[in-house]
Amino acid sequence: MNEDAAPEEALDMIAPETDVVETPEVFLTGVAAALKASDDVDADLAAILTDHLLTVTPHDNVIANAKAAILTLAAERAIPAEEQADG
């Protein structure tokens, strides 16, 4: 083995890349984490998607629940800032 090889190359020599089968749960968890970590994604909307849609076993009323959560978020954001501050 070449001692000058980068650590990644050394690892490839020891354990060549294999096909990893990703379960639906792992995939959905990864998508949810990527959404939450992105600065370009609305954090509140990402939370709604994660809670309601990005699940292996969604609730029976998943669409209705997600829609209600999105409408609630939209209504909260539609209130002018002054009204929110006054409570």
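A brief look at the structure comes next. What you are looking at is a predicted structure, and each value in this text was computed from that prediction instead of being measured.

What counts, and where the lines are drawn
Residues numbered from 1 in each chain as written. Predicted model: local features only at pLDDT ≥ 70, side-chain atom pairs only at ≥ 80, totals over all residues. Heavy atoms only, no water. Helix = DSSP H or I, 4+ residues; strand = E, 2+ residues; numbered from the N terminus. Buried < 20%, exposed > 50% of the residue type's maximum accessible area, 1.4 Å probe, protein only. Contact = heavy atoms within 4.5 Å. Axes fitted to C-alpha atoms, helices over the stretch in contact; angles between N-to-C directions. Parallel < 35°, antiparallel > 145°, perpendicular 65-115°, else oblique. Nonpolar A, V, L, I, M, F, W, Y, C, P; charged D, E, K, R; others polar. Polar contact = N/O pair within 3.5 Å; in protein donor to acceptor, adjacent residues only side chain to side chain. Left-handed = near helix turned anticlockwise from the far one by under 90°.

Time to look at the overall build of the protein. Secondary structure assignment for the protein yields five helices and zero strands. Along the protein, helices (α) and strands (β) appear in the sequence α-α-α-α-α when read from the amino end. Counting across all 87 residues of the protein, residues that qualify as buried make up 11%. Looking at the protein alone, contacts between residues at least 24 apart form 30% of all its contacts between residues at least 6 apart.

The subject of this paragraph is the environment of Val26. Relative to the helices and strands, Val26 resides in helix α2 (residues 24-37). Sequence separation between Val26 and Val56 is 30 residues; the distance between their C-alpha atoms is 9.5 Å.

On to the environment of Val62, then. Tracing the sequence through the fold places Val62 in helix α4 (residues 62-78). For the pair Val62 and Asp51, spaced 11 residues apart in the sequence, the C-alpha separation amounts to 9.6 Å.

At a minimum axis separation of 9 Å, α2 and helix α3 (residues 43-53) run at an interaxial angle of 170°. Considered as vectors, α2 and α3 are oriented roughly antiparallel to each other. Contact residues: Ala32, Leu35 and Lys36 in α2; Ala46, Leu49 and Thr50 in α3. Taken together, the residues that form the contact of α2 with α3 break down as four nonpolar, one polar and one charged.

This part covers the side chain of Thr50. Counting through the fold element by element, Thr50 comes out in helix α3. Polar side-chain contacts of Thr50 include one of 2.8 Å to the backbone oxygen of Ala46. In this view, Thr50 contacts Ala32, Lys36 and Thr55; residues no more than four positions away in its chain are not counted.

At their nearest, the axes of α3 and α4 sit 9 Å apart, and the two run at 165° to each other. Taken together, the axes of α3 and α4 lie roughly antiparallel to each other. α3 and α4 meet at a crossing whose hand is right-handed. Across from Asp44, Leu45, Ile48, His52 and Leu53 in α3, the residues of α4 making contact are Val62, Ile63, Asn65, Ala66, Ala69, Ile70, Leu73 and Arg77.

The values reported here are purely geometric and, on their own, carry no functional implication.
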